[in-house]
Amino acid sequence: MSHSEKAAIFNKNEAKVNWHDKALWFVREKRDTAAHKVKGWEYLRELASVIKANVLSNLDNYLIEFETNAVKNGIKVHWASNAEEHNKIVHSILSENNATKIVKSKSMLTEECHLNPYLESKGIEVIDTDLGERIVQLAKETPSHIVLPAIHKTKEEVDELFQKHLGTKPSNGNPEYLTNEARKHLRNKFLNADVAITGVNFAIAETGGIVVCTNEGNADMGAHLAKVHIACMGIEKIIPKEEHLGIFLRLLARSATGQPITTYSSHFNKPTLGNEMHIVIVDNGRTEQLSREDFRSSLHCIRCGACMNTCPIYRRSGGHSYDATIPGPIGSILSPGKDLTKHSSLPFASTLCGSCTNVCPVKINIHEQLYKWRQLIVKDVKQPLIKKTVLKIMGKVLARPKLYAIFGKSARWMLTYAPRFIVYSKLNAWGKSRELPKIENGNFDQWYKNRNKNG
Ligand code: SF4
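Just so you know, these numbers come straight off a predicted model, no measurement behind them.

Draft legend 1. Region of the structure containing the pairing of strand β4 (residues 195–198). Burial along β4 is two-sided: Val195 and Ile197 and Ala196 and Thr198, pointing in opposite directions, are all buried. Bridge analysis of strand β2 (residues 101–104) against β4 gives three bridges, and the strand direction is parallel. Counterpart to Ile102 in the pairing with β4 is Val195.

As structure tokens, this is what we get:
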């Protein structure tokens, strides 16, 4: 199904759409307030962008530097060229340690590699410990947002889910009660886990250490209690020096949730005494994206989710309508690079208003890249006949002013006098859920000429 077809399903529940829209806009406004309080915010964005550009231009060197330093610290480093290799490496570490119970903090990379179903098929229990991720895991769904994975669920829905899976009492969606019950349930899982898997927010080349940011402390709890810690990271997570962290940490939390700093920004530099620490560095299509001149800066992304919170399409279509691990504007740039035909509708799921570009902390020109994908897609992917025909006709009309004037006049006549079933036919996507505005007499050209004539 295309993005618009999936969005139509989400749009059936109008109350939920309005609530989803408002909830995300609230986060966007918090981000604005937090960003405006930082002097030199724009300078920080610029710095982050040039640091990331430098990393991408020297990625091979930084990755080797990172590996050398991590190994010196006693960390075992593994390389995976794709999702399959990543999953096999994680599984082999688990097998070596006879591990059957895993706790995992938020990691979009492991979602991208479909690690959970892979490990579950091998008889391993994987418990997502981020509350939002645990909610979607219990619901057998995927995250609909990279920072707020269960933003599409109401508290009443979570209440029902917990009653069914955790045996809680009906609480009418009481957030405090539900959070406490989740905490009790997860505490048990933490205490009994053999291995903890975490993501990586930043991997520092000069130290070989990693930084993991969470608001719940679940990555720390897992990594500190289990004997083995496996951290999974994409190759683009590298930053050159520790001193660069201050720039990215300031930008990340403010852009993501409007907080001045993430509650836990935990540094992991080496395994604790008697324990093991592994880092799996994954490519999975990233070098290919790096080779695409027009799209390489999409790898600057620090996964803050700000482009989703501000996007009018994302807010009103929901994350699942993108049918991709990373939804929203940045996902619509990354996904076509992986499977152009499957994700060909995503770059069109945008008004190209540029709001995503304005909020992006690492200054990715998101809306321009979406526009670029559109140009490539119409050449390379078969388009619906109706769309091709309409665009061909419009191209001819727009190139000829006289024809355009005749077309405009006929359209105004049609919209005023034609029967409703013709005006609101299947071809009129705009009119599916809206009334068209009243058609005025004359067009802009006439209005403008009259205005000038009358002084
Ligand atoms: S593209 Fe920019 S705004 Fe969107 S998630 Fe990535 S860093 Fe955040």
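Draft legend 2. Molecular detail of a nonpolar patch on the surface. A contiguous nonpolar patch, built from Trp413, Met414, Leu415, Tyr417, Phe421 and Ile422 and spanning about 690 Å² of accessible area, is present on the exposed surface. When residues of the nonpolar patch are traced back to their parent elements, those giving at least two are α20 (401–417) and α21 (420–423). Counting residues per element, the nonpolar patch draws most heavily on α20, at four residues. Here Phe421 shows up in helix α21. Take Phe421: its relative accessible area is 64%, and that puts it in the exposed class.

Draft legend 3. Representation of the nonpolar core. In terms of nonpolar packing, the biggest core is built from 76 residues, with Phe66, Phe202, Ile210, Ile238, Ile279 and Ile330 touching the most fellow members. Setting aside chain neighbours within four positions, we find Ile238 in contact with Lys52, Val55, Tyr62, Leu63, Phe66, Ala203, Ala205 and Met233.

Draft legend 4. Focus on helix α16 (residues 328–338). Within α16, ten of the eleven residues are buried, which leaves the element mostly enclosed by the surrounding structure. Listing the buried residues of α16 in full gives Gly328, Pro329, Ile330, Gly331, Ser332, Ile333, Leu334, Ser335, Pro336 and Gly337. The elements touched by buried residues of α16 are α13 (286–290), α14 (306–310), α15 (312–317), α17 (355–359) and α18 (366–380).

Draft legend 5. Quick look at unusual backbone geometry. Positioned with a positive phi, Lys140 is a non-glycine residue whose angle comes to about 55°. If you trace the backbone, Lys140 turns up in the loop between α8 (131–138) and α9 (155–166). Owing to a relative accessible area of 73%, Lys140 belongs among the exposed residues under this scheme. At Arg303, a residue that is not glycine, the phi angle is positive and equals roughly 55°. Note that Arg303 resides in the loop between α13 and α14.

The rules behind each value
Residues numbered from 1 in each chain as written. Predicted model: local features only at pLDDT ≥ 70, side-chain atom pairs only at ≥ 80, totals over all residues. Heavy atoms only, no water. Buried < 20%, exposed > 50% of the residue type's maximum accessible area, 1.4 Å probe, protein only. Helix = DSSP H or I, 4+ residues; strand = E, 2+ residues; numbered from the N terminus. Pairing = 2+ DSSP bridges. Patch = residues over 30% accessible without salt bridge, like charges linked within 9 Å, V, L, I, M, F, W, Y side chains within 5 Å. Areas by Shrake-Rupley, 256 points an atom, 1.4 Å probe, with all protein chains shown as cover. Salt bridge = Lys/Arg side-chain N within 4 Å of Asp/Glu carboxyl O. Core = buried A, V, L, I, M, F, W, Y, C linked by side-chain atoms within 4.5 Å. Contact = heavy atoms within 4.5 Å.

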